[in-house]
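Descriptive analysis of the structure
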Amino acid sequence: MALSDIGRPEVLRAVEEFDGLGRDAFLRRYRFQASRTYLLVVDGQHYDSKAVVGAAHGYLADQRPLTASEFSGGRDHAVKLLGALGFQVVSQESATDGVADDLVRRIARLRVAHTRTGPLLYQPITLLWAVGRALRGEPRTLPWGETSVALGGLLEEFGLRGERARPGYPVLALHHAGLWTLQGHDGPVPHAHGDASVPRRWFAAQQPAGGLARPLHDLMRTSGQARVEVIQTITDRFFEGLDEVPLLEAVGLYDDSVAADFPCGPQDAPPPPAMADQASLAARYDRLCAVVERREESRRGRRRERLTRDPIRSGSARRAVLLRSAGRCENPACGGQPDDVTDAGDPILEVDHIMEIASDGRDHPSQMIALCPNCHAVKTRGTTRHEVRSTFLEVVRELHERARTRVTGPGDGR
């Protein structure tokens, strides 16, 4: 039978199996990688579209599931089939933005105790520790003994508002906020408030494994944009008047990889920028610029070395410029960039500050440009480097305003 023989009943049976097994086990059973481009939406839940279609074929009479190499998951094949059957299929970027927005809203609504000097840092420290683990690709869950030791040490060192080494409190609070999962325990999970000995006794008796809820962990692992948005939301809300950098360094969230994307697997590579939805690209550019600007604002008055080196700000700005460039050199006089790509599949481009930060330049996409190696060499070492800087400033100002106007509307560019 052909792919077109699959109907809604077969797809829904595959979705039911997906729910019963869980995502990882479902993908392992059918030997698919996690989708990087398209997701099927059923009752508000997201599913790997190609894997579901492959499994659905096995629910046809006298048929077996299809393997990943036997058909395409792209817009003209699996995605087209699902759409024809009345299902909603969204881009990974759209789904990621939705989950990121939900996570930011949850963090903004977290209920935390306050002292005279500000909110207590139990939950923020725990979240940043878990985000750092996700960034490094470490296991989502840990046995309680390991979690207790790691969090206890961080709370002792970075509890800047008098927090004590009570790791059970933030874990329970985050669990009841829907941000943390606990596994391998009997009975209900106690609440964080009340008698402090209750959480301590419960964890000692149950010894649960735990970690970030899976959708949030996967998002923090794969999406650099979502990661920096979450980090900035946490620092904006909870660290006003404090220096969060030592904590970010300790949990591994203050280096050049903090804004990088880490795909789940080699399958279903994202479409080239020219094929992507322009409104979606513009919205992503705007969100990254917003992180840069929030970071700038929150760090006014810091020591000079803290201002000039900020991986969260510079990483977000670099990603925004690469997004704006659509993979092409932004020098209008470029003689031709290499057609080759990096091992990661990225275009060979250098993102450079037109005016150096040390010379009062700004670490912001409006003053940064994506250049091929030849144009970058001219800008940094050529005899015409001073002249091209002025040209590049004008070019980038126009590109930046055009990119943000797509989102904000005419007359509201920033």
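To keep things clear, this report deals only with the structure shown in the data block. (Residues numbered from 1 in each chain as written. Predicted model: local features only at pLDDT ≥ 70, side-chain atom pairs only at ≥ 80, totals over all residues. Heavy atoms only, no water.)

A look at the sheet that holds strand β1 (residues 38-42)
Sheet architecture is open: three strands sit in the order β2-β1-β3, paired in antiparallel fashion. Two strands lie at the open edges of the sheet, namely β2 (45-48) and β3 (88-91), each paired on one side alone. Here the strands of the sheet are splayed against their neighbours by 40 degrees on average, with no regard to which way each runs. Direction of pairing for β1 relative to β3: antiparallel, over a ladder of four bridges. Across the sheet, residue Y38 finds its bridge partner in β3, namely S91. The sheet strands contacting helix α3 (residues 49-57) are β1 and β2, and the helix crosses β2 at an angle near 70 degrees. (Pairing = 2+ DSSP bridges. Helix = DSSP H or I, 4+ residues; strand = E, 2+ residues; numbered from the N terminus. Axes fitted to C-alpha atoms, helices over the stretch in contact; angles between N-to-C directions. Contact = heavy atoms within 4.5 Å.)

Describing unusual backbone geometry
Phi is mostly negative for residues that are not glycine, and the peptide bonds are mostly trans. A positive phi angle is found at R31, which is not glycine, with a value near 60 degrees. Locating R31 in the fold gives a position in the loop between α2 (23-30) and β1. Residue Q207 is not a glycine yet carries a positive backbone phi of 50 degrees.

Overview of the nonpolar core
Within soluble globular proteins, side chains that are nonpolar tend to cluster in buried spots. Grouped together as the largest cluster of nonpolar side chains are 64 residues, with contacts concentrated most on L128, M220 and L253. With sequence-adjacent residues up to four places away left out, L253 is seen in contact with L128, V131, G132, L135, I231, L248, V258 and I312. Counting 26 residues, the second largest nonpolar core, distinct from the first, contains A14, F26, Y47 and V52. (Core = buried A, V, L, I, M, F, W, Y, C linked by side-chain atoms within 4.5 Å. Buried < 20%, exposed > 50% of the residue type's maximum accessible area, 1.4 Å probe, protein only.)

Things to note about the packing of aromatic side chains
As enumerated under the stated definition, the model contains eight aromatic pairs in all. Taking the centre distance of 5.1 Å and the plane angle of 85 degrees together, the rings of W202 and F203 count as edge-to-face. Taken together, the aromatic side chains of F18, F26, Y30 and Y47 make up a single cluster linked through ring pairs. Across the ring face of F87, the terminal group of R8 is positioned such that the distance to the ring centre comes to 4.2 Å. For R221, the ring lying beneath its charged end belongs to F262, and the centroid distance is 4.6 Å. (Phe/Tyr/Trp six-rings, centres within 6.5 Å; stacked < 30°, edge-to-face > 60°. Lys NZ or Arg CZ within 6 Å of the ring centre and 35° of its normal.)

Let's talk about the environment of L281
Structurally, the position occupied by L281 is in helix α13 (residues 278-298). A relative accessible area of 12% places L281 in the buried class. Taking the C-alpha atoms as reference points, L281 and A326, 45 residues apart in sequence, are found 9.3 Å from one another.

Notes on the pattern of salt bridges
A pair can form between side chains of opposite charge whenever their charged atoms are brought close. Scanning the entire structure with this criterion turns up 23 salt bridges. Between E229 and R287 there is a salt bridge, and its shortest N-O distance comes to 2.9 Å. Here the residue E229 occupies a position in helix α11 (residues 224-238), and R287 occupies one in helix α13, the gap between them amounting to 58 residues. The salt bridge partner of R313 is D363, with a shortest N-O separation of 3.0 Å. In this pair, R313 sits in helix α15 (residues 311-325) while D363 sits in the loop between β9 (350-353) and β10 (368-371), placing the two residues 50 residues apart along the sequence. Under the relative-accessibility criterion, D363 is labelled buried at 5%. When salt bridges with common partners are traced through the structure, they connect R23, D48 and D218 into a single cluster. (Salt bridge = Lys/Arg side-chain N within 4 Å of Asp/Glu carboxyl O.)

Topic: helix α8 (residues 168-176)
Across the nine residues of α8, seven count as buried, placing the element largely inside the fold. Those residues of α8 that sit buried are G168, Y169, P170, V171, L172, A173 and L174. Buried-residue contacts for α8 involve α6 (122-135), α7 (144-158), β7 (180-183) and α9 (197-206). Positive phi appears at G178, one or two residues downstream of α8, with a value of about 80 degrees.

Things to note about the pairing of strand β8 (residues 209-212)
Of the strand pairs in this sheet, strand β6 (residues 142-143) and β8 are connected by two bridges, and their pairing is antiparallel. When the bridges of β8 are listed, L142 appears paired with G210. In this structure, β7 lies alongside β8, joined through four bridges in antiparallel fashion. Considered in β8, the bridge of Q183 is made with A209.

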